[in-house]
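What the coordinates show
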Amino acid sequence: MADHRFHAPDVPSPSLVVDREALERNIEAMARHAAEASLALRPHGKTHKCPAIATLQVDAGAVGLAVATVGEAEIFGNQGVGDVFVAYPLWADADIGPRLEVLSARVRLTVGADSPAGIERLRRALSDTSLVRVIVEVDCGLRRTGVPPADAASVAHAALDAGFELGGVFTFPGHSYAPGMRDEARTDEERALSEAVEALGAAGIDCPVRSGGSTPTAAATGPGAITELRPGVYVFNDAQQVVLGTCTVDQVALAALATVVSAPAPGRVVLDSGAKVLGPDRPSWAPGHGKLPDHPNARVTGLWEHHAVVDVSETDPSARPRIGDRVAVFPNHVCTAVNLARELLIVSGGKVVDRWAVAAAGANR
Ligand SMILES: Cc1ncc(COP(=O)(O)O)c(C=O)c1O
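If you're wondering where the values come from, they're calculated on a predicted model, not measured in any experiment. (Residues numbered from 1 in each chain as written. Predicted model: local features only at pLDDT ≥ 70, side-chain atom pairs only at ≥ 80, totals over all residues. Heavy atoms only, no water.)

Description of the overall build of the chain
The condition that has to hold: In this text, helices come from DSSP runs of H or I with a minimum length of four residues, and strands from runs of E with a minimum of two, each type numbered from the N-terminal end. Remark: exposure states derive from per-residue accessible area (1.4 Å probe, protein chains only) relative to the maximum for the residue type, with buried under 20%, exposed over 50%, and partly exposed in between. Working rule for contacts: check all heavy atoms of both residues, and any pair within 4.5 Å makes them a contact. Here, Shrake-Rupley sampling with a 1.4 Å probe gives the accessible areas, and only protein chains in the shown set may cover a residue. This count recognises Lys and Arg as positive and Asp and Glu as negative, with His and chain-terminal groups excluded. Taken as the charge centre is NZ of Lys, CZ of Arg, CG of Asp or CD of Glu, depending on the residue.
Across its full length, the chain holds eleven helices and 17 strands. Projected onto its principal axes, the C-alpha positions of the chain cover 70 × 40 × 35 Å. Across the 365 residues in the chain, those meeting the buried criterion constitute 56%. Considering only contacts within the chain whose residues lie at least 6 apart along the sequence, 70% involve residues at least 24 apart. Of the roughly 14600 Å² that the chain leaves accessible, carbon and sulfur atoms contribute 50%. Placing the 33 positive and 43 negative side-chain charges of the chain at their respective mean positions leaves the two points 4 Å apart.

Set out below in structure tokens:
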């Protein structure tokens, strides 16, 4: 028996199914939080890659979208999102410059940068640097991209010298993705943004935008060091967020609806939702490759391209999924699952009420 929220008789298996009401609640809750905290909300579109969902977010008050690639920016921009921030240190090439120029005619366009060399590439790729605004990325503890906050001024100066408008600074507290790390990551984020603002101030540079946010930290982020939040996953949530305690099972709005295609041995069933449906991500702290909301003691112990192996030995034998049953599975990391899908089936009241294209799936450059 599938989780009734995701179950509809006409859903082909495997499919990604969205609980429309849970999706709307997640969008509204984050919009309300941002409004109450006086923060601009700029959801990250890489999670849903879906213009229909971007529209719901903007209608709920989002100032625009964050994206990871120019391809995502083009798809959302061409579908009417008027303000897009490529929150990534773009390394511009001959292909990117003309695409940014075309897009800037209809979209307020901002790009990330974390080096004078990246700024110089961008300057050379564009015929007119006034078409694009730049925001400097600083690192707050993830140790991925972003300069140390104290070094923000060197990148900002390079942007200003090249003729770009400087929007401010951004950071991603992605080290919140480990049990018990939420508060530390949030504090690190605030400290890093404050330090960067100070460094820019000392160099005489204004810093109106201080953009941060991740799904684990967003709901606990208040006004102060940050002016803008960029959570992405919150729109659906996923198995990782349940394990991290960011959300409850009821707040997960997307599941793969899968079928038990094999039950070859006692305590083991196999689903048709393999890595090409659930996505490959499994952090070391995750108990499995996904979560079955109706079978809390079941563990997805193995993932092949087209097989998900589930250990149901801890589930009461009378309640175990049987061959032919439909089950809902939450992906560990919903962004990588959605990127593999062509459409999302929107379910409400036990019926498929809509089908939304994942228009930006695979738009990775
Ligand atoms: C730069 C940047 N901003 C925002 C986000 C959104 O955070 P989350 O995935 O926790 O919702 C991400 C996620 O990877 C990111 O890389």
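Let's talk about the site of the ligand
Applied cut-off: Here a residue counts as near a molecule or strand whenever at least one of its heavy atoms sits within 4 Å of it. Residues adjacent in sequence count toward polar contacts only when both atoms are side-chain atoms; beyond that, a polar contact is any pair of N or O atoms within 3.5 Å, and within protein one must be able to donate a hydrogen and the other to accept it.
In the vicinity of the ligand, 14 residues are found, and the nearest of them are Arg 144, Tyr 177, Thr 215, Gly 232 and Val 233. At 3.0 Å, a side-chain N or O of Arg 230 approaches a nitrogen atom of the ligand. Relative to its unbound accessible area of 390 Å², the ligand is 92% covered by the protein chains.

Focus: the side chain of Arg 42
Here Arg 42 is to be found in the loop between strand E2 (40-41) and helix H2 (51-59). Of note is the side chain of Arg 42, whose polar atom sits 3.1 Å from the side chain of Glu 228. Excluding anything up to four places from it in sequence, Arg 42 contacts Val 63, Gly 64, Leu 65, Ala 66, Asp 83, Val 84, Phe 85, Arg 133, Glu 228, Leu 229 and Arg 230.

Some details on the sheet that holds strand E8 (residues 209-212)
Here is the rule we go by: Any two strands with at least two DSSP-identified bridges between them are counted as paired.
On the basis of which strands lie adjacent, the open sheet formed by eight strands has the order E2-E9-E8-E7-E6-E5-E4-E3 and parallel pairing. Among the strands making up the open sheet, the edge pair consists of E2 and strand E3 (65-67). Here strand E7 (residues 165-170) pairs with E8 via three bridges, running parallel. Within E8, the residue paired with Gly 168 across the bridge is Val 209.

What about unusual backbone geometry?
The residue after Ser 13, namely Pro 14, is reached through a cis peptide bond having omega -5 degrees. Summarising the element assignment, Pro 14 is placed in the segment before strand E1 (15-19). At Asn 237, a residue that is not glycine, the phi angle is positive and equals roughly 65 degrees. Secondary-structure assignment places Asn 237 in the loop between strand E9 (228-229) and helix H9 (239-244).

Points about the pattern of salt bridges
Pairs may arise between side chains of opposite charge once their charged atoms sit close together. Here is the rule: When a carboxyl oxygen of Asp or Glu is within 4 Å of a side-chain nitrogen of Lys or Arg, the pair counts as a salt bridge.
Scanning the entire structure with this criterion turns up 18 salt bridges. Between Glu 228 and Arg 42 there is a salt bridge, with its nearest N and O atoms 3.1 Å apart. Of this pair, Glu 228 sits in strand E9 while Arg 42 sits in the loop between E2 and H2, and the two are 186 residues apart along the sequence. In terms of burial, Glu 228 and Arg 42 fall into one category: buried.

Comments concerning helix H3 (residues 70-78)
Of all nine residues in H3, seven are buried, a share of seventy percent or more. All buried positions along H3 are accounted for by Val 70, Gly 71, Glu 72, Ala 73, Glu 74, Phe 76 and Gly 77. Where H3 is buried, its residues meet H2, E3, strand E4 (83-89) and helix H4 (96-104). Positive phi appears at Gly 80, one or two residues downstream of H3, with a value of about 105 degrees.

Comments concerning the packing of aromatic side chains
How two aromatic rings sit relative to each other is given by the distance of their centres and the angle of their planes. Keep this limit in mind: In summary, the pairing rule links any two rings of Phe, Tyr or Trp, Trp by its six-membered ring, whose centres are within 6.5 Å, and it sorts them by plane angle into stacked for under 30 degrees, edge-to-face for over 60 and tilted for everything else.
Applying the stated rule across the entire model yields two aromatic pairs. Ring centres of Phe 85 and Phe 170 lie 5.0 Å apart, and the angle between their planes is 85 degrees; on these two criteria the pair is classed as edge-to-face. Here Phe 85, found in strand E4, pairs with Phe 170, found in strand E7; they are 85 residues apart in sequence, far enough to count as distant. Accessibility classification places Phe 85 together with Phe 170 in one group, the buried group.

Examining the pairing of strand E16 (residues 343-348)
For E16, the buried fraction is high: five of the six residues fall into the buried class. Judged from the three bridges that link them, E1 and E16 form a sheet pairing that is parallel. For Asp 19, the partnering residue across the bridge sits in E16 and is Val 347. Note that E16 and strand E17 (residues 351-357) share six bridges and pair antiparallel. When the bridges of E17 are listed, Ser 348 appears paired with Lys 351. Turn length for the E16-E17 hairpin, with the two strands adjacent in sequence and antiparallel, is two residues, and the turn residue Gly 349 shows positive phi of about 60 degrees.

A closer look at the packing of H3 against H4
Spelled out, the test is: To obtain an axis, a line is fitted to C-alpha atoms, over the contacting stretch when the element is a helix, and the angle between two such axes runs from 0 to 180 degrees between their N-to-C directions. By definition in this entry, angles of less than 35 degrees are roughly parallel, angles greater than 145 are roughly antiparallel, angles of 65 to 115 are roughly perpendicular, and the rest are oblique. Crossing handedness follows the turn of the near helix against the far one: under a right angle anticlockwise gives a left-handed crossing, and clockwise gives a right-handed one. Residues were grouped as follows: Ala, Val, Leu, Ile, Met, Phe, Trp, Tyr, Cys and Pro as nonpolar; Asp, Glu, Lys and Arg as charged; and all remaining residues, including Gly, as polar.
Taken N-terminus to C-terminus, the directions of H3 and H4 make an angle of 20 degrees; their axes are 11 Å apart at the nearest point. For the element pair H3 / H4, the angle class is roughly parallel. For H3 against H4, the interelement crossing comes out left-handed. The segment H3 lies against H4, with Val 70, Gly 71, Ala 73, Glu 74, Gly 77 and Asn 78 engaging Ile 96, Arg 99, Leu 100 and Leu 103. Here the residues of the contact of H3 with H4 sort into five nonpolar, three polar and two charged.

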